[in-house]
Amino acid sequence: MPTLIFDQSIPGRRGVTIPASGVPERDLLELLGPELLRQSPPELPEQSELEVVRHYTRLSQLNHSIDTGFYPLGSCTMKYNPKVNEAVARLPGFADLHPYQPAEQVQGALALMYDLQSWLGALTGLPHVCLQPAAGAHGELTGILMIKHYHRHHGNRRTKVLVPDSAHGTNPATAAMAGFEVVTVQSNERGLVSVADLKAHLDDQVAAFMLTNPNTLGLFEEDILAISQAVHEAGALLYYDGANFNAILGAVRPGDMGFDVVHQNLHKTFSTPHGGGGPGSGPVAVSERLAPFLPVPAIVRRPDGSYALDFERPLAIGRMKAFFGNFGVLARAYAYIYAHGHEGLRQVSRDAVLSANYLKARLGDAYEVPFAQSCMHEFVMTSDRQKAQGVNTLSIAKRLIDFGIHPPTIYFPLIVHEAMMVEPTETESKEELDRFVEVMLQIADEVRDTPDLVNSAPHTAPIGRVDEVLAARKPNVRWRKPQTAR
Amino acid sequence: MSFNYLPLTDAQRRDMLSAIGVSGMEDLFAPIPRELRGFELALPSGHSELEVQQQLNRLAAQNRPLSAQRSFVGAGATLRFRPSAVDHVASRSEFSTAYTPYQPEISQGTLQVIYEFQSMIAELTGMDVANASMYDGASAAAEAALMACRITHRHRILVSETVHPEYAEVVRTYASGPEVAVETVPHRDGALDLEAVERLLGQDCAGLLVQVPNVFGCLEAVRAAGQLARKAGALFVVIADPISLALLEAPGAYGADIVVGDGQGLGNPVSFGGPHLGFMATRQEHVRQLPGRICGMSVDTRGKPCFTLTLQAREQHIRREKAASNICSNQALNALVATLYLALVGKTGLVELASVSVQRAHHLADRLVGMAGLELAFPSQRFFNEFVLRADRPADRVLAELADRGILGGVPLSRWYAGSERDLLVTVTETNSPEDLDAYLAALSASRRSSAQERSVEVPATAVDHATV
């Protein structure tokens with residue numbers, strides 16, 4: 001562990017110089033008052049610019065990243081992040097814009113948002129779009145709150161939200177956060193929603209069914225039209241978790257499947273960088289009946305071709321964040337869609353699906369694949385066989401690190417033992433896919449021949465495996481100045 | 001057309017299809033019902049990178065950036081000094097193209113940054129623990145309100161009318177799901193009405209949300225407000241501007257239970273309102289109710305200190321419907337920017353930046369109130385680096401007078417508050433040079449002169465009337 005920036009601090013050193021105020025100065029005690037004037041300044045580091053640059057540059061070198069290696073992380077869509085997107089988002093005409101500037105000063109930004117809305121509407125088949133949510137889970141909360149307000153507006157106080165047992169954790173967490181009771185729907189033996197179990201749970205208390213399609217096993221829910229019909233007949237709405245949207249760009253639209261609301265993850269499907277955990281962007285697209293409930297403000301185009309913000313939406317759920325959304329992320333997604341166009345985005349999904357099926361075919365002998373049908377953009381395999389040989393999924397995942405490959409998503413979805421969820425994305429070359437196959441096959445051999453080598457992995461990473469129990473039992477989550485007795 | 005981000009060649013695609021054992025891509029899409037396939041996609045055609053650059057340049061050129069004018073616009077997002085090294089280091093793709101650090105062995109860089117970020121936020125706020133970031137200040141305030149409800153098992157929240165109205169609206173929106181009641185505490189002269197606080201606080205109140213400096217730029221009687229909240233058994237939630245905390249008392253020192261805020265000013269561009277970052281800090285006893293990611297220090301198998309995400313039993317991917325929040329992605333890259341900023345600006349630099357902003361804001365305010373037709377809306381309150389200017393004419397007209405001289409003069413409060421048609425929130429930071437302040441004053445005195453001349457030429461009586469008022 002590199003020394004903390006605080007512990008490198010040398011009193012009197014500085015990383016920036018600040019101009020003098022250049023105005024006659026008044027006493028801060030007089031201006032700010034004795035009640036609120038801080039007695040001693042916060043203990044921030046004191047370092048020169050070089051020390052700071054070197055410290056964080058060295059820290060960066062301890063990370064795995066897309067630009068340094070393969071990232072077959074299921075449900076996360078770790079595709080390449082084109083550099084032109086970074087460049088355009090930093091243009092002063094975007095980066096130095098304030099959300100409260102008069103509309104006539106920000107027409108280009110509003111035009112960008114308006115077009116992006118209409119493109120996301122075209123891709124989802126749900127024409128009414130709000131770009132405000134800051135991430136996928138934020139979009140989920142937006143969508144579920146809209147459903148709550150919709151039912152309330154129609155005089156219903158439905159109390160339950162259904163989620164499949166294969167759902168992302170954010171689905172049940174979102175429904176609970178919006179004040180709903182969460183009820184789980186079982187998957188069938190083919191890894192798909194059991195329509196019978198769904199119907200058994202549908203009653204007049206169900207507000208919505210939340211579904212990912214393709215689901216978290218990478219399987220397309222073939223019964224989607226029957227599901228949609230059953231949900232709507234019960235007076236409930238159908239929610240689409242867009243985490244797996246990279247599988248179906250231009251191939252099928254959630255609106256056509258019968259979904260009422262979709263959230264997108266621009267940081268997955270539309271290639272904006274994950275940033276080590278954010279920022280994301282989670283626009284929602286909705287059907288006609290939910291449109292009046294979208295957050296404010298709406299971005300509208302006036303008859304004269306100019307763009308404006310519309311706050312006059314009496315049924316709107318309100319606001320999900322200050323201002324209009326993660327605009328810098330929106331600009332990157334705009335550039336991505338503009339570069340690919342309709343034919344390029346269709347090819348994105350075709351290649352993503354092709355690559356996932358290719359890996360599944362090549363790894364299906366050495367590892368077990370619980371669901372044999374063809375997958376979409378990702379697939380799940382298990383290390384059940386390897387576990388019988390004394391090596392679990394976690395160790396196989398950690399062994400991949402020694403080959404410069406990020407582990408797949410593991411132990412998820414919860415309905416598959418020793419799950420490894422692999423999503424190669426369309427931006428990896430066949431050579432990289434083949435290398436991954438070779439490495440996975442080698443690890444399968446190691447499990448048989450030298451299991452200790454795998455169980456003690458990783459061997460080449462900056463650190464070994466971490467004592468998670470210690471971290472949780474005795475939380476040390478911040479630096480404190482040593483001499484301060486608190 | 002071929003696509004530079006898609007490396008597979010047609011020959012490779014054919015090889016892969018045969019390795020899979022299917023005859024074409026349609027076989028792989030077969031699970032999708034046929035009647036749902038085949039539709040027109042109303043999107044543009046693809047473009048080369050050069051055309052992408054040209055298109056985005058064209059859109060950017062239709063905007064007028066703050067950097068091309070003298071800007072006094074704030075209210076939750078402000079043009080501030082950004083040291084060059086911040087974006088330079090934060091742009092390293094080892095940071096920007098990394099995923100959430102769930103695999104600590106290959107994420108120590110991101111994890112140590114989060115640990116340092118949490119430490120800096122804890123230092124600024126005077127709290128025990130901070131999380132790894134929230135979406136923005138407004139959603140952090142909403143999460144704080146829900147957290148107060150979880151801790152107190154109560155379902156009513158008080159929000160000061162002097163909290164940024166968009167923050168208050170987000171609190172109400174989040175509260176509409178679990179049906180938490182949200183009530184507004186009116187202000188008196190631009191600051192929290194303590195009598196109203198006392199009246200509205202009851203044994204059913206989970207939390208009191210106060211912002212300091214508040215949306216009018218005014219300081220609040222936070223010690224008294226905190227005591228009232230504590231007496232009623234409610235949590236005291238403070239929304240703070242992190243740069244102001246270089247000079248203002250740490251909320252932890254006056255009894256805050258939860259401190260949230262927005263960290264855009266810590267090195268992040270305004271970017272038309274996002275991405276920024278929210279921060280959230282609390283007392284040790286509430287750490288297990290904190291939403292979002294937390295990084296902790298531990299040791300590895302070799303006994304060496306290292307970092308990992310911890311206390312994950314609060315989070316959605318472990319606890320599902322029992323999680324403290326549904327938050328997953330946060331604003332990690334913006335938190336990295338804030339960490340770099342605070343490391344560079346450092347202990348003395350942050351105090352100096354805050355001081356320059358305060359001094360210049362007061363200098364401008366002092367000289368504006370010396371001009372005819374202008375006064376402070378809340379002259380009895382102390383303020384930090386923002387203040388409400390009240391004119392004898394509509395704020396929109398004042399803004400137009402300033403715009404004629406290339407000045408973006410502030411945010412008209414009529415945007416949010418009925419009856420505030422003559423009020424303008426003016427924000428001054430280190431980026432507003434003394435020349436900018438002079439230009440602001442000159443624009444208003446010039447407009448005063450020209451309108452007085454206009455009136456004396458056209459309607460002489462009006463000028464006389466005005467002089468006698």
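These numbers come from a predicted model, not from an experiment.

## Brief notes about the interface of chain A and chain B
Here is step 1: Across the contact, 207 residues belong to chain A and 193 residues belong to chain B.
Here is step 2: The interface formed by chain A and chain B holds 99 residue pairs in polar contact (both at pLDDT 80 or more) in total.
Here is step 3: Looking at the side of chain A that touches chain B, the element that brings in the most residues is helix H11 (residues 327–363) of chain A, giving 27 residues.

## What to know about the sheet that holds strand E5 (residues 237–241) of chain A
Adjacent strands of a sheet pair through backbone hydrogen bonds, lying either parallel or antiparallel.
Residues and elements named next belong to chain A.
Here is step 1: Pairing is mixed in the open sheet, where seven strands are placed in the order E1-E7-E6-E5-E4-E2-E3. Each edge of the open sheet carries a strand with a single partner, namely strand E1 (128–130) and strand E3 (181–185). Put simply, the sheet's adjacent strands are angled 20° from each other on average, direction ignored.
Here is step 2: In this sheet, strand E7 (residues 284–286) lies alongside strand E6 (residues 261–263) in antiparallel orientation, the contact comprising three bridges. Paired with Val262 across the strands is Ala285, a residue of E7.

## Description of helix H13 (residues 393–401) of chain A
Residues and elements named next belong to chain A.
Here is step 1: By the criterion of burial, H13 is predominantly enclosed, with eight of the nine residues buried.
Here is step 2: Looking at H13, one finds that the buried residues are Thr393, Ser395, Ile396, Ala397, Lys398, Arg399, Leu400 and Ile401.
Here is step 3: Residues of H13 that are buried sit in contact with helix H12 (384–388), strand E11 (409–410), strand E12 (419–422), helix H14 (430–449) and helix H15 (451–455).
Here is step 4: The N-capping residue of H13, defined by a side-chain oxygen 3.3 Å from the backbone nitrogen of Leu394, is Asn392.

## Description of the domain arrangement of chain A
The accessible area lost on association of the parts is a frequent measure of interface size.
All names here are of chain A.
Here is step 1: Along its sequence, chain A is carved into domain 1 (84–338) and domain 2 (344–470).
Here is step 2: Computed from C-alpha coordinates alone, the two centres of domain 1 and domain 2 are separated by 30 Å.
Here is step 3: Domain 1 puts 25 residues into the contact, and the matching count from domain 2 is 21 residues.
Here is step 4: Taken together, domain 1 and domain 2 are joined by zero salt bridges.
Here is step 5: Joining domain 1 to domain 2, the criterion identifies nine residue pairs in polar contact (both at pLDDT 80 or more).

## Structural notes on the side chain of Asn326(B)
Here is step 1: Of note, Asn326(B) is situated in the loop between helix H11 (316–319) and helix H12 (332–369).
Here is step 2: Using a relative accessible area of 2% as the deciding quantity, one classes Asn326(B) as buried.
Here is step 3: Here Thr174(A) takes part through its side chain, which lies 2.8 Å from a polar atom of the side chain of Asn326(B).
Here is step 4: With sequence-adjacent residues up to four places away left out, Asn326(B) is seen in contact with Ala137(A), Leu141(A), Thr170(A), Ala173(A), Thr174(A), Met177(A) and Gln316(B).

Calculation notes
- Residues numbered from 1 in each chain as written.
- Chains lettered and ligands numbered in written order.
- Predicted model: local features only at pLDDT ≥ 70, side-chain atom pairs only at ≥ 80, totals over all residues.
- Heavy atoms only, no water.
- Contact = heavy atoms within 4.5 Å.
- Polar contact = N/O pair within 3.5 Å; in protein donor to acceptor, adjacent residues only side chain to side chain.
- Helix = DSSP H or I, 4+ residues; strand = E, 2+ residues; numbered from the N terminus.
- Pairing = 2+ DSSP bridges.
- Axes fitted to C-alpha atoms, helices over the stretch in contact; angles between N-to-C directions.
- Buried < 20%, exposed > 50% of the residue type's maximum accessible area, 1.4 Å probe, protein only.
- Domains from an automatic or database assignment.
- Salt bridge = Lys/Arg side-chain N within 4 Å of Asp/Glu carboxyl O.

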